[in-house]
Amino acid sequence: MGVQGLTTYVESNRNFLQDVRFRDSRLVIDGCSLFFRLYFNHQLDQQHGGDYDEFACLLNQFLSALQACNIQPYVVLDGGMDPSDKKFATLRQRLQSKIKEADSISHGRRGSVLPILVGKVFIQVLTQRGIPLIQCPAEADWEIACLARQWNCPVLTNDSDFYIFDLPAGYLPLHFFQWTNLNGKASQRYIPCRCYTTNNLCRWFGGLNRELLPLCAVLTGNDYGSPKEADTLLALIDASSFQRGGGRGRGRAPSSRIEGLLSWLSSFPSVSEALDEVNRLMDGMVGAGQRGQKSELSSQLWAAMQEYNIKAQSSLATWFSRGTLDPRGKISGLAQFPECLSLAAAQGQLSPLALDAFVMQRVLLIPQVENSKLASSHCSSRAIRQALYGILLHKVQNTVSQAQGGSAQLAKVIPVQMQGMRGRRGRGGAGRHATSMEHPAGAQTHGFNSSIFVEEYDRLDLNIKKNQVEAIIPMNHIHLDRINQASAAERLGVLLGVLGVKQSALAPVPLHLQLAVAVTGFWLREAIPTPSQLLLQALVLGMIYGELAFNIQSGASHRRPAAPQFNWAAEQGILSALDGQRVRPDERRGVDLRAAHCYSQWQSCLWSALCLNQLLLMPLPEPNISWLFSGTLVHGVLRCLKGGWSVESLLPVGSLSGQLCFCLLDAVKDCSFKANPSCTKSGKKRGRGRGRRGRGGRGQSQGGGGVSEEINNRFALLMSEEEYDD
């Protein structure tokens, strides 16, 4: 949400904001506003796919600043789209804008596009720090305001709607929240900031009734739009305000439309009188056959104003106090969700993509910085999302089927009858990324008439394209209602089946990297154009950098007795050498567009696979994204490799990081060959992938020889000790 022009107006008048030394308090945080603000205000990378390690470091510094001031944060995140569809037109406009901004960034020009996994990193860091959080079923503004009112504590956000909500403890705009500038003695640290309350604004307009502020927001226009007659009404109000006067507007022309509107509203003691005046103004604008329009407009305005009514008890308070979901929540779009998945969603462990697919059968795919002349990077990961949709949207009905030669109890898969279901095939281009017409390996279908489709809004050139993508049931399908009853092995089988990976191919890989390796193998098969050996090596070297950074920077060096052959000094040198290859800020005028496009495809595959893994209740542990990919590092290493350096020269022979790197390269290549050859679309590509084994092999067997097992054990020991310490 957001009220057009209100932030500019309020922040330009110091009378509306009060200087505060903030400490010793609860603080309700709009999570999405926070991670957007942190990422963009600190000029973190956008061109190269994002620097998730730097973002995680920045977020940790922010949380430490709150802790130093005895501020208890409670983070509330947006979930899926508003099921009322009132905001969908605004979301489409924003998506179109971000597509064009991503293209602008790819050509070295300005723009603001959040890397696709920033939200995931945000949740991972909060979880690791033990910060209370909840992901709402849909937009969180109303829930945030209700909670802050009930707890009598301020809200930290960057959303102009909070200038309208009547919050007793006020609203702290992120723009003025100086968390990098702590003041006060050690035991009395505080964060200088500025606080807004509706009292200050209403006092400035001669005692304006605060219940009229929502009418100002609705008439001015917010993300939910405004009635179509609002422009006509505003013109009439502009004329009327000079006759009636009132508040600060009397005797002078208003500096903005918002000031003029507030001045006009200040002349009414109540909402009902203001709406009566609306009817009077509109009365002269309607003909004899349109008498009902004026009362209809009043009704529309009144209904829209209720979005700002926060007198209800918060449904989030129960979650933060007892960890249970309150059934009184305002949005019940997930009422049919299994309880285990509802809890996962509330914990931020189920992506908004899954929520939107389940509730709306419609998803908006996040634009990335890529080559806009090629197909969207999300095309490469479509098969993963199709399996996700298949699990979410197909319903099992137990039936008895009589087969020739005997009878058997079978589970017949039938579609859920939901809005958006199509009885025809989706439109789409030909080729490997032609969508719903294709059935990925490890999937089964149930005939034309039972097809279910999800609307995916994606990029085509520089425009939005709506694709009807078929929901496909994976092999060894697990029914949604019984997903928590399935064993971990069954759920893992579904995940690896969708990715086309044998479990044996992952055996040499440390457990926390297995999902990333499986996804990378999937990416090698599905990406167009096919990623080169250098692109793969640079990506894996980025993972090695993350492993080293995590273990060294988190203080793992005191565990040297656990790994006596681990030469920490040598590994520290490798870490520094890799870090030295980063693309620096003064070098970010252009980007290798082919590499950017390929890595955007990899991020899309990882993002989709993380969603599927979450839906399956995480049969594989999630990788720590902040240490898995750093765009400026990977692009810098790629530049180094293109300049003639080899992996062996960057990772000296005998180093543990070097052994792990070649282990991962081998495992990725094993994962890039489909586990079910009969479902492979083309043998040509498989052969081409095999021919590239030469450099990364290092003599290791596919099942994991002694060297790879040693690497696995030693890195796994370090990682597990970290987890136990947490």
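Residues numbered from 1 in each chain as written. Predicted model: local features only at pLDDT ≥ 70, side-chain atom pairs only at ≥ 80, totals over all residues. Heavy atoms only, no water.

## Some words on the state of the cysteines
Filter applied, for reference: The term disulfide is used for any two cysteine sulfur atoms that are within 2.5 Å. With a 1.4 Å probe rolled over the protein chains alone, any residue whose accessible area is under 20% of its type maximum counts as buried; one over 50% counts as exposed, and the rest are partly exposed.
Taken as a whole and judged by the stated rule, the model has zero disulfides. Left unpaired, cysteine 193 is separated from the closest cysteine sulfur, that of cysteine 195, by 7.0 Å. Owing to a relative accessible area of 4%, cysteine 193 belongs among the buried residues under this scheme.

## Focus: the packing of helix H2 (residues 31-41) against helix H5 (residues 118-129)
Inclusion rule: To obtain an axis, a line is fitted to C-alpha atoms, over the contacting stretch when the element is a helix, and the angle between two such axes runs from 0 to 180 degrees between their N-to-C directions. In DSSP terms, a helix is any run of H or I states spanning at least four residues, a strand is any run of E spanning at least two, and both are numbered starting from the N terminus. Put simply, angles under 35 degrees are roughly parallel, angles over 145 are roughly antiparallel, angles from 65 to 115 are roughly perpendicular, and the rest are oblique. What makes a crossing left-handed is the near helix being turned counterclockwise from the far one by less than a right angle; a clockwise turn instead makes it right-handed. We call two residues in contact when some of their heavy atoms are within 4.5 Å. Note on residue classes: Ala, Val, Leu, Ile, Met, Phe, Trp, Tyr, Cys and Pro are nonpolar, Asp, Glu, Lys and Arg are charged, and everything else, Gly too, is polar.
Taken N-terminus to C-terminus, the directions of H2 and H5 make an angle of 110 degrees; their axes are 10 Å apart at the nearest point. The pairing of H2 with H5 is recorded here as roughly perpendicular in orientation. Where H2 crosses over H5, the handedness of that crossing is right-handed. Here Gly31, Leu34, Phe35 and Tyr39 of H2 come into contact with H5, specifically with Val118, Gly119 and Phe122. Classifying every residue of the contact of H2 with H5 gives five nonpolar, two polar and no charged.

## Topic: the packing of helix H16 (residues 382-393) against helix H17 (residues 488-499)
The contact between H16 and H17 brings their axes to 9 Å, and the two run at 145 degrees. The crossing of H16 and H17 is right-handed. In this structure, H16 contributes Ala383, Ile384, Ala387 and Ile391 to the contact, and H17 contributes Val494, Val498 and Leu499. Its residues placed into classes, the contact of H16 with H17 shows seven nonpolar, no polar and no charged.

## Notes on the confidence of the model for the protein
Spelled out, the test is: Confidence of the predictor at the level of single residues is given by pLDDT, which spans 0 to 100.
On average, residues of the protein score 83 in pLDDT, and 77% of them are at 70 or above. Here residues 245-250 scores under 50 on pLDDT; set against residues more than four positions off or in separate chains, the count is 12 contacts. Between residues 718-726, whose pLDDT stays under 50, and residues either more than four places distant or in other chains, the model counts 15 contacts.

## As for the pairing of strand S7 (residues 191-196)
This is how the line gets drawn: In this scheme, strands are said to pair when DSSP sees at least two bridges between them.
Among the six residues that make up S7, six are buried, leaving the element largely enclosed by the rest of the structure. Taking every second residue as pointing to the same face, both faces of S7 are buried, with Ile191, Cys193 and Cys195 on one and Pro192, Arg194 and Tyr196 on the other. In the sheet, strand S1 (residues 17-22) pairs with S7 via six bridges, with the strands oriented antiparallel. Considered in S7, the bridge of leucine 17 is made with tyrosine 196.

## Some words on unusual backbone geometry
With omega at 0 degrees, the peptide bond leading from isoleucine 528 into proline 529 counts as cis. Mapped onto the elements of the fold, proline 529 is located in the loop between helix H18 (514-526) and helix H19 (533-553). Positive phi, normally seen in glycine, also occurs at asparagine 476, with a value near 55 degrees. For asparagine 476, a relative accessible area of 57% puts it in the exposed group. Phi at leucine 617 takes a positive value of approximately 60 degrees, unusual for a residue other than glycine. Mapped onto the elements of the fold, leucine 617 is located in the loop between helix H21 (593-615) and helix H22 (631-642). The class of leucine 617 is partly exposed, set by a relative accessible area of 27%.

## Digging into the nonpolar core
Threshold: Throughout this description, the term nonpolar core refers to a set of buried Ala, Val, Leu, Ile, Met, Phe, Trp, Tyr and Cys residues connected via side-chain atoms within 4.5 Å.
Grouped together as the largest cluster of nonpolar side chains are 141 residues, with contacts concentrated most on Phe62, Phe177, Tyr389, Leu392, Leu499, Trp523 and Tyr599. Listed in part, the 66 residues of the second largest apolar core include Trp204, Ile258, Met282 and Ala317.

## Points about the pattern of salt bridges
Stated precisely, the cut-off is as follows: What makes a salt bridge here is a side-chain nitrogen of Lys or Arg within 4 Å of a carboxyl oxygen of Asp or Glu, nothing more.
One pass over the full model with this rule turns up 19 salt bridges. As a salt-bridge pair, aspartate 53 and arginine 582 come within 2.5 Å of each other at their nearest N and O atoms. In this pair, aspartate 53 is assigned in helix H3 (residues 52-68) and arginine 582 in the loop between helix H20 (568-579) and H21, connecting sequence segments 529 residues apart. Among the salt bridges present, the one from arginine 582 reaches aspartate 579, with a minimum N-O distance of 2.7 Å. The buried category is assigned to arginine 582, whose relative accessible area is 5%. Taking the relative accessible area as the measure of exposure, aspartate 579 reaches 26% and is therefore partly exposed.

## A few points about the packing of aromatic side chains
The condition is simple: To pair, rings of Phe, Tyr and Trp, with the six-membered ring standing in for Trp, must have centres within 6.5 Å; the planes then decide the type, stacked if under 30 degrees apart, edge-to-face if over 60, and tilted in the middle.
Throughout the structure, instances matching the rule amount to 26 aromatic pairs. Ring geometry for phenylalanine 162 versus phenylalanine 165: centroids 5.1 Å apart, planes at 55 degrees, classification tilted. For phenylalanine 162, a relative accessible area of 0% translates into the label buried. When its relative accessible area of 1% is taken as the criterion, phenylalanine 165 is described as buried.

## Description of the sheet that holds strand S13 (residues 463-470)
Pairing is mixed across the open sheet formed by three strands, whose spatial order is S8-S12-S13. Across the chains shown, the open sheet's two edge strands, defined by having one partner strand only, are strand S8 (362-364) and S13. With direction set aside, neighbouring strand axes in the sheet form an average angle of 25 degrees. Bridge analysis of S8 against strand S12 (residues 453-460) gives three bridges, and the strand direction is parallel. Across the sheet, residue leucine 364 finds its bridge partner in S12, namely tyrosine 457. Along the sheet, helix H4 (residues 88-106) contacts S8, S12 and S13; its crossing angle with S13, the most-contacted strand, is approximately 115 degrees.

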